[in-house]
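Reading the structure
What follows is the residue order along each chain.
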Amino acid sequence: MAENRIRVDARGIACPGPITELVKAYRNAKNGDIIEVLATDPGFKPDVEAWIKRTGNQLLELKEEGGIYIAVIKVTAKK
Amino acid sequence: MATKKRVVVIGGGAGGALLANNLPLEEFDVTVIDRSPYHYYWPWLLYVAFKGSKRPMKKEIRELLKPGVSFIQAGAQSVDLNNRKVVLENGKTLEYDYLVIATGSRPTYSQIGGHKKVVERYGDYHSSEENARRVWNAINSLKQGTFAVIVGGDPYRCPPSPLEGVFLAEEFFRARGLRDKVKIVFAVPYPRPYPAEPMNEVVEPILRERGIEYITFFTLDRIDEEKKVAVSMEGEELKYDVLVVIPPHVGTDMKIAPEDVLTQDRFIQADKYTNNIKGFDDAFVIGDASAVPVAKTGVTAHLQAGVVARRLQGEDARNSGRTNCPFDLGYGLGTFVISDYNNPVVKLPPSRFSHLAKIAFAASYWDMIRYPELWNPIFEAYFEATEPAKLGRIYV
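Let me begin by describing the structure that accompanies this report. (Residues numbered from 1 in each chain as written. Chains lettered and ligands numbered in written order. Predicted model: local features only at pLDDT ≥ 70, side-chain atom pairs only at ≥ 80, totals over all residues. Heavy atoms only, no water.)

1. What about the overall build of chain A?
Put simply, the test is: Think of it this way: any DSSP run of H or I at least four residues long counts as a helix, any run of E at least two long counts as a strand, and we number them from the N terminus. Exposure is judged per residue with a 1.4 Å probe applied to protein chains only, and the accessible area is read against the type maximum: over 50% gives exposed, under 20% gives buried, and values in between give partly exposed. We call two residues contacting when some pair of their heavy atoms lies within 4.5 Å. Here the open area of atoms and residues is found with the Shrake-Rupley method and a 1.4 Å probe, where only the protein chains shown may cover a residue. Positive charges come from Lys and Arg alone, negative charges from Asp and Glu alone, with His and the N- and C-terminal ends not counted. A charged residue contributes its charge at one atom only: NZ of Lys, CZ of Arg, CG of Asp or CD of Glu.
Counting secondary structure elements, chain A contains two helices and four strands. N-terminal to C-terminal, the α/β element order of chain A is β-α-β-α-β-β. If one aligns the C-alpha atoms of chain A with their principal axes, the spans along those axes are about 35 × 25 × 20 Å. The proportion of buried residues among the 79 residues of chain A is 49%. Across chain A, the fraction of contacts at a sequence separation of at least 24, relative to all contacts at a separation of at least 6, is 64%. For chain A, the exposed surface amounts to about 3700 Å²; the carbon and sulfur share of it is 48%. Taking the average place of the 13 positive charges on the side chains of chain A and the average place of its 11 negative ones, the gap between the two points comes to 8 Å.

2. Considering the interface of chain B and chain A
Threshold: Here the quantity called buried area is the total loss of accessible area, with a 1.4 Å probe, experienced by two parts when brought into contact, counted for both. We define a salt bridge as a side-chain nitrogen of Lys or Arg found within 4 Å of a carboxyl oxygen belonging to Asp or Glu. For this analysis, a polar contact is any N or O atom pair within 3.5 Å, provided that within protein one partner can donate a hydrogen and the other can accept it, and provided that sequence-adjacent residues contribute only side-chain to side-chain pairs. Asp, Glu, Lys and Arg are counted as charged, while Ala, Val, Leu, Ile, Met, Phe, Trp, Tyr, Cys and Pro are counted as nonpolar; the rest, among them Gly, fall into the polar class.
Contacts between the two partners involve 34 residues from chain B and, on the opposite side, 21 residues from chain A. Of the roughly 2200 Å² buried where chain B meets chain A, counting both sides, 58% is carbon and sulfur surface. Counting the surface chain B buries against chain A, the share from its top three residues, B:Phe217, B:Met233 and B:Glu234, is 30%. In this assembly, chain B and chain A are joined by three salt bridges. With a closest N to O distance of 3.3 Å, B:Glu236 and A:Arg54 form a salt bridge. Summed over the shared surface of chain B and chain A, the number is nine residue pairs in polar contact (both at pLDDT 80 or more). When residues of the side of chain B that touches chain A are traced back to their parent elements, those giving at least two are β14 (220-224) and β22 (333-339) of chain B. If you tally residues by element for the side of chain B that touches chain A, the top one is β14(B), at three residues. Here the residues of the side of chain B that touches chain A are counted per class, giving 19 nonpolar, seven polar and eight charged.

3. Thoughts on the sheet that holds strand β4 (residues 68-74) of chain A
All names here are of chain A. We count it as follows: A pair of strands is labelled paired if DSSP reports no fewer than 2 bridges between them. Between the N-to-C directions of two axes lies an angle of 0 to 180 degrees, each axis being a line fitted to C-alpha atoms and, for a helix, fitted only over the stretch in contact.
Spatially, the four strands line up as an open sheet ordered β1-β2-β4-β3, and their pairing is mixed. Two strands in the sheet have a free side with no partner beyond their single neighbour: β1 (5-10) and β3 (58-65). Going across the sheet, the axis of each strand differs from the next one's by a mean of 15°, ignoring polarity. Bridge count between strand β2 (residues 34-39) and β4: six bridges; the pairing is antiparallel. For Ile34, the partnering residue across the bridge sits in β4 and is Lys74.

4. Quick look at unusual backbone geometry
Residues and elements named next belong to chain B. For the peptide bond that leads from Asp154 to Pro155, omega is -5°, which places it in the cis range. Mapped onto the elements, Pro155 comes out in the loop between β11 (145-151) and α6 (161-175). Cis geometry marks the peptide bond from Ala257 to Pro258, where omega comes out at 0°. Its location among the elements puts Pro258 in the loop between β19 (255-257) and β20 (283-285). One non-glycine residue, Arg84, adopts positive backbone phi at about 50°. Mapped onto the fold, Arg84 is located in the loop between β6 (76-80) and β7 (85-88). With relative accessibility at 36%, the residue Arg84 sits in the partly exposed group. The residue Arg266 is not glycine, and still its phi comes out positive at about 70°. For Arg266, a relative accessible area of 28% puts it in the partly exposed group.

Below is the structure:
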């Protein structure tokens, strides 16, 4: 099965927050899909870390480049 | 005499009606089309659902538009941006010089298993008066057990609305003397009850104080109404007796060419400063119908309508991304969610004043739509005095 890559651009979103964009993409994703989120809100980093910890999905990469946060997530926890 | 520019506005809600009423008719030939004859003041669904309000919450679009603005009651079936044409559901075709799409967003019940059944049973307060009335009936019939509100998915209209319902429900059950028999549970897919951290710092202590339980990271997958249990995508279960789900919303159901202006959930991509639909300088999208990164709320539609009206008149007006969402905290208290593109949400403390401002706004709503020339200076003064950059220095 080909891996599906979903790109979420949440740059510039402060209210209600980039985490809501991640959740939206997660709803439509299947186990095995990759979600890549771009965000500028500094609150995004702890949020995505907490989200990974609680939902049990896999964080492949989380980095900051010139004020832009990039999170690469593999969806694995759906039942 | 120069010929007037033809402006077609699809949608007669807050954004569409305000835009039409802001355009000078000596310069523009303005036509508003809408599938419905009515303009709804959607925020009032909250008070139908949790206060049993019977105050009328709709008016005829025709009555709200300035004399001289044309209104056609017909849905738009398709929009051809390349050829500047709108085909109506009644078969007629309209040609335009400028197009403004203001079709809003609508709840969808197909993403969550068992959602429809739950709405038929307990209603919700993001779709219709009938469904809001069902919520009122459901909370009135609950004498003991669990009342649950679950944020079903994003986006939805009005970011504060899920918690507003929770706070008003808590006040309702306490006033009925049932608070020790009715447990209130609020579940969200986010890391905290309110997604934006500064506002969460205002509301989370209130939830604790009032004994309202909340569950974070709960991404609703399906609901089993027979067993009265809601299940998350990771298999976590939440038992309820009455359940209200905040429905995820989707964008327009019109056909649009080219199709690549639409996102996957049918919101229209646009420049966040000018509202120009991606790739088109003669077509705009305002309010909830757009995919610009700002909350789906009336104030956004209102401000964007002003910006687009000024742009059509040749001004280089730009959006600041300002939000100003009234937030009812129950017991006569309120706050506002205030932010813009450059400033995070302000930690505005609860006050009676903020609640009264929300109610005063609701009381004046129809007048604001009808007479923007009177209200624009009032709003300008208000927005200037409450800029998030200024408030952010006061409320830290």
